Amino acid sequence: MVRPGQAWWVGFGLPAAVAVLAALVYAYWPTLVWIEETWRNEPDYSHGYLVLPLALLLCWNRLDQITGIRQGISWAGLSLIALAVVMRLAGRLVYADFLDAWSMLPLIAGVVWVCFGFSVLRWALPAIAFLFLMFPLPYQAESLLSWKLQGVATDLSTIMLRVFGQPAVSEGHVIWINDLRLQVEEACSGLRIFIGVAALAFFWAAMVRRSWLDRVVLLAMAVPLAVMVNSVRITVVGLLYQVFDDSVSQGRIHDISGYLMIPFAFGLLWLVKVYWERLYRPLEQMTARDFVQGIGGA
């Protein structure tokens, strides 16, 4: 089916968008290099390689929701492009690389608005917002979040160890179990699992077709699930360290538990999604026409 404005999209909108995308890559090349280096060197952001493919998958999944492409240029979209320019200038003035990276979001949104219209921007907005997860957080925000997560993980892990009958006592970010000193370091704060689960929750929420309540539930469960999974890992490590007291075995336990943490969290989030979909089913609304047709069919 030919949608309104398809000739405009093929004749001008698509080539213009491709040209702007090439210009964007050229203009932001140093920033893109910095982002890729962060993905490669920082385990907390290793998921960044998957963000763009998943954003494209979101767009593909929502193709049937495009109501039409505007014929002509939507000049109102220049407001978002201007916002991106201001953000980038501010980022350069205060030496904030993250602000320079964030300016890509309003720029992309503005280009979509100008070339294709507001209805297409509304369709693409979930995918554009999802791109935010590929950018590193500001150092201050990352440090504060990591510090808070360390404290929560330490306290919750201490409680879990006591439930298992261990004489666990927390002291700052250290858990004492008899003579065993378990240090909850910054790398074990759970920031990586927190960001990974938040990314997956946002992706599934954007893919939901049923109700806005489904999206709220998935997003709300991301934080407690990430905290719980990290605390479970620390608890298991504390229990196994008392059985295997040599440094080689303890190193393997630490590394293997780290690898298993993300699949475990993703599995729990999937179970929450399935359980909620079975627990809450929106009522099907039947119009008078459907009721009459149902009687006639019977």
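Residues numbered from 1 in each chain as written. Predicted model: local features only at pLDDT ≥ 70, side-chain atom pairs only at ≥ 80, totals over all residues. Heavy atoms only, no water.

## Some words on the packing of aromatic side chains
(1) Moving on: All chains considered together, the criterion is met by 5 aromatic pairs.
(2) Moving on: Measuring from centroid to centroid gives 5.0 Å for Phe98 and Trp102, while their planes differ by 70 degrees, and the two rings are edge-to-face. Of this pair, Phe98 and Trp102 both sit in helix 5 (residues 97–102), 4 residues apart, roughly one helical turn.
(3) Moving on: Under the relative-accessibility criterion, Phe98 is labelled partly exposed at 25%. (Phe/Tyr/Trp six-rings, centres within 6.5 Å; stacked < 30°, edge-to-face > 60°. Helix = DSSP H or I, 4+ residues; strand = E, 2+ residues; numbered from the N terminus. Buried < 20%, exposed > 50% of the residue type's maximum accessible area, 1.4 Å probe, protein only.)

## Quick notes on the pairing of strand 3 (residues 180–183)
In the case of a regular strand, side chains alternate between the two sheet surfaces.
(1) Moving on: Residue alternation in strand 3 divides its side chains into a buried set, Leu180 and Leu182, and an unburied set, Arg181 and Gln183.
(2) Moving on: Here strand 2 (residues 174–177) runs beside strand 3; their pairing, made up of 4 bridges, is antiparallel. If you follow Ile177 over to strand 3, its bridge partner there is Leu180.
(3) Moving on: Hairpin connection from strand 2 to strand 3: 2 residues lie between these consecutive antiparallel strands, with Asn178 at a positive phi of about 55 degrees. (Pairing = 2+ DSSP bridges.)

## Overview of the pattern of salt bridges
(1) Moving on: With the rule as written, the count across this model stands at 3 salt bridges.
(2) Moving on: Where Arg40 meets Glu36, a salt bridge forms, and the shortest distance between an N and an O atom there is 2.7 Å. Separated by 4 residues within a single helix, Arg40 and Glu36 lie in helix 2 (residues 29–41), roughly one turn from each other.
(3) Moving on: A salt bridge links Arg88 to Asp100; the shortest N-O distance between them is 2.6 Å. Taken as a pair, Arg88 in helix 4 (residues 78–93) and Asp100 in helix 5 lie far apart in primary sequence, 12 residues in all. The residues Arg88 and Asp100 share a single accessibility class, namely buried. (Salt bridge = Lys/Arg side-chain N within 4 Å of Asp/Glu carboxyl O.)

## Some remarks on the nonpolar core
(1) Moving on: Counting 55 residues, the largest nonpolar core has Met104, Phe130, Phe135, Val197 and Leu269 as the members making the most contacts within it.
(2) Moving on: At 11 residues, helix 9 (residues 191–207) tops the list of elements feeding residues into this core.
(3) Moving on: Core analysis: the next-biggest nonpolar cluster, separate from the first, contains 12 residues, Ile177, Leu180, Ile234 and Tyr241 among them. (Core = buried A, V, L, I, M, F, W, Y, C linked by side-chain atoms within 4.5 Å.)

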